[in-house]
Amino acid sequence: MTAALWSVSLFALVFFLTEAERVDRNQAMVGGAILMLFLGWFFDFYTLQAALKAVYFDTLALIFGMSLVGNVLVRSGVFTVLATKVANYSRGNAQLVLVLLVLTTYSFSLVVNNLATMLIMLPLTLAICSSLKLKPVAIVAAELVASNLGGASTLTGDFPNMIIGAAGKLHFDDFIGSMMVPCLMLLAVTLGYFGKRVVRLSNGVATTGKSIFESSESVEIDYYLLRVGLTVLGVMLFALVFSYPLGLQSGSVALVAGAVLLIFGRVPQGALLKAMSGDDILFFAALFILVGGLQSAGVLSGLHDLIVALGARNATQSSLVLMLISALLTPFLNAGPTTALIVPVASVLSREFPGSPVWWALSLGVLAGSSATLSGATAGPVVSSQMSYQSGGKPDSGWVLDSRTYRQWGIPIASTFLVFSMLYIVVWVR
């Protein structure tokens, strides 16, 4: 009991320091991992060997490979040109602007993580809204939700699914078959939900503007980087889709793809660590060690017993309880850490209830929770700070997306996602 209490206290302290931004999140996580190893040695419940076994190296390899793919494609300029040309078709109509930008965000998020996608889309969205005299808050909020949906649709879309795929030994086509359909349905719900709000904020039709669309002409595509990036991405996706019959591990595929891009991707030496998401790799490695300590201390077995008890030892009900817990934790802990925390419990449940929708329940629960608040997904706080800077200190200008403003839309849409996902688990997957 003492070891469990110390482990939970350490875990809570690390996340308090991270969320309060008292220290750098990587420093807090690495320091927490080291302290967890010390507690494991002191109370004799966690060893270095056990810590290494707790790390999902396939996930780290996927982050490495997909980050380099995204970096090369972003530097090629193709995303900016495509997004700007797509926006050109809106012709100033507020709802069409929303639809085109949201669909573009979703499409990018299928292969590029949420933060990278929003860093591409946000400057373009703000420029378009400024040119067309639109208030961007509802559009940007819808893009954040769409980026979560895109990330949840595929194995390589974002960190939570990478963790789930590694833990559950799931393949690329597993996610396409079980996650893309509900995510596309929820994307339609998102467009309908935010469409009315965009019209209300813009009073219908925006002013037609031309200046922003001309910017696509000034962006030159680096065709060498485009060819290299698309070739590696295409081969990588082919290998991931056919990884099971080919006997390949998804992490190995991503690792080889990343290594090829390190050689041929012309990554600037000064930006190498950022290009391969070195900070994220370090963060998740330390997080896995922390979660492994909780598991060795017996904390997660208690959570497992609670889920099974509340689920009346029924596979579907237990999956629904797992989904609800994931959805409630994600707004506070963020999507990646919540997934890492719950994955060991989901692994046990998947063995107890073979063929049950445990993994999809976890993914959908994290998706709903990450859409409820700005802090639920990594991109949220970054987007909020950049929009605050753009607002020029005018909180009523429609250019400020703070936590309170986002919650007004995020909580209802997340609740809708959760209800739909529960029905999906009960009716479709079972």
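Attention shifts here to the layout of surface pockets. Looking at the largest pocket, its volume works out to about 1400 Å³. Around the largest pocket, the lining comprises 49 residues; the ones closest to its centre are Arg25, Leu115, Asp280, Thr378 and Val382. Broken down by element, the lining of the largest pocket gets its largest block of residues, 7 residues, from helix H4 (residues 57-76). In this model, the second largest pocket occupies a volume close to 310 Å³.

What follows is about empty space enclosed by the protein. In total, this model carries 2 cavities of 30 Å³ or more according to the counting rule given. Computed from the structure, the largest cavity encloses a volume of approximately 120 Å³. In this structure, the largest cavity is lined by Asn114, Asn148, Gly151, Ala152, Asp158, Pro160, Asn161, Ala335, Ser363, Val366, Leu367 and Ser370. For the lining of the largest cavity, the secondary structure elements donating two or more residues are helix H8 (137-153), helix H9 (159-168) and helix H19 (358-372). Tallying contributions element by element places H19 first for the lining of the largest cavity, with 4 residues. Grouping the amino acids of the lining of the largest cavity by side-chain chemistry returns 5 nonpolar, 6 polar and 1 charged. Each pocket or cavity is described by its volume, and for the second largest cavity that value is around 60 Å³. The wall of the second largest cavity is formed by Leu144, Ser147, Asn148, Ser370, Thr373, Leu374, Ala377, Ala379, Gly380 and Tyr406.

Quick look at the confidence of the model for the chain now. A residue-level look at the chain finds 90% of positions with pLDDT of 70 or above and a mean pLDDT of 86. Within the chain, the element-level pLDDT minimum falls on helix H5 (residues 78-88), averaging 74, and the maximum on H19, averaging 96. Segment residues 204-213 is flagged for pLDDT under 50; beyond a separation of four residues in sequence, or across chains, it makes 25 contacts in the model.

There is a patch of nonpolar side chains on the surface, built from Val256, Val260, Leu262, Ile263, Phe264 and Leu272 and spanning about 520 Å² of accessible area. Its location among the elements puts leucine 272 in helix H14 (residues 272-275).

To continue, consider the nonpolar core. Leu149, Phe194, Phe284, Leu287, Leu362 and Leu401 are the most contacted members of the largest nonpolar core, which totals 145 residues. Contact partners of leucine 287, with chain neighbours within four places excluded, come to Phe11, Phe15, Met29, Gly336, Pro337 and Ala340.

Before going further, it helps to spend a moment on helix H17 (residues 315-333). When the terminal C-alpha atoms of H17 are compared, their 26 Å separation across 19 residues agrees well with the 27 Å that a helix rising 1.5 Å per residue should span. Sitting at the amino-terminal end of H17 is asparagine 314, which places a side-chain oxygen 3.0 Å from the backbone nitrogen of threonine 316. Phi turns positive, to about 85°, at asparagine 334, one or two residues after H17.

Assignment of secondary structure puts serine 250 in helix H13 (residues 250-264). Owing to a relative accessible area of 9%, serine 250 belongs among the buried residues under this scheme. When near neighbours in sequence (up to four residues on either side) are disregarded, serine 250 contacts Asp58, Leu62, Leu155 and Leu240.

Relative to the assigned elements, serine 178 resides in helix H10 (residues 172-202). Contact partners of serine 178, with chain neighbours within four places excluded, come to Trp360 and Tyr424.

Turning our attention to the packing of H4 against H9. Running from N to C, H4 and H9 point in directions that differ by 140°, and their axes come no closer than 8 Å. Between H4 and H9, the angle falls in the class oblique. In the crossing of H4 with H9, the sense of the turn from one axis to the other is right-handed. For the pair H4 and H9, contact is made by Asp58, Thr59, Leu62, Ile63 and Met66 and by Phe159, Met162, Ile163 and Ala166, respectively.

Inspection of the secondary structure assignment puts valine 260 in helix H13. The class of valine 260 is partly exposed, set by a relative accessible area of 31%. Spatially, the C-alpha atom of valine 260 lies 20 Å from that of leucine 246, the residues being 14 residues apart in sequence. Those residues in contact with valine 260 that lie beyond four places of it in its chain are Val232 and Gly265.

About the criteria used
- Residues numbered from 1 in each chain as written.
- Predicted model: local features only at pLDDT ≥ 70, side-chain atom pairs only at ≥ 80, totals over all residues.
- Heavy atoms only, no water.
- 1 Å grid on protein atoms, 1.4 Å probe; cavity = no way out; pocket = protein on both sides within 12 Å on 5 of 7 lines; lining within 4 Å.
- Points joined across faces, edges and corners; volume = space filled by probe spheres on them.
- Helix = DSSP H or I, 4+ residues; strand = E, 2+ residues; numbered from the N terminus.
- Nonpolar A, V, L, I, M, F, W, Y, C, P; charged D, E, K, R; others polar.
- pLDDT = per-residue confidence, 0-100.
- Contact = heavy atoms within 4.5 Å.
- Patch = residues over 30% accessible without salt bridge, like charges linked within 9 Å, V, L, I, M, F, W, Y side chains within 5 Å.
- Areas by Shrake-Rupley, 256 points an atom, 1.4 Å probe, with all protein chains shown as cover.
- Salt bridge = Lys/Arg side-chain N within 4 Å of Asp/Glu carboxyl O.
- Core = buried A, V, L, I, M, F, W, Y, C linked by side-chain atoms within 4.5 Å.
- Buried < 20%, exposed > 50% of the residue type's maximum accessible area, 1.4 Å probe, protein only.
- Expected span 1.5 Å × (residues − 1).
- Polar contact = N/O pair within 3.5 Å; in protein donor to acceptor, adjacent residues only side chain to side chain.
- Axes fitted to C-alpha atoms, helices over the stretch in contact; angles between N-to-C directions.
- Parallel < 35°, antiparallel > 145°, perpendicular 65-115°, else oblique.
- Left-handed = near helix turned anticlockwise from the far one by under 90°.

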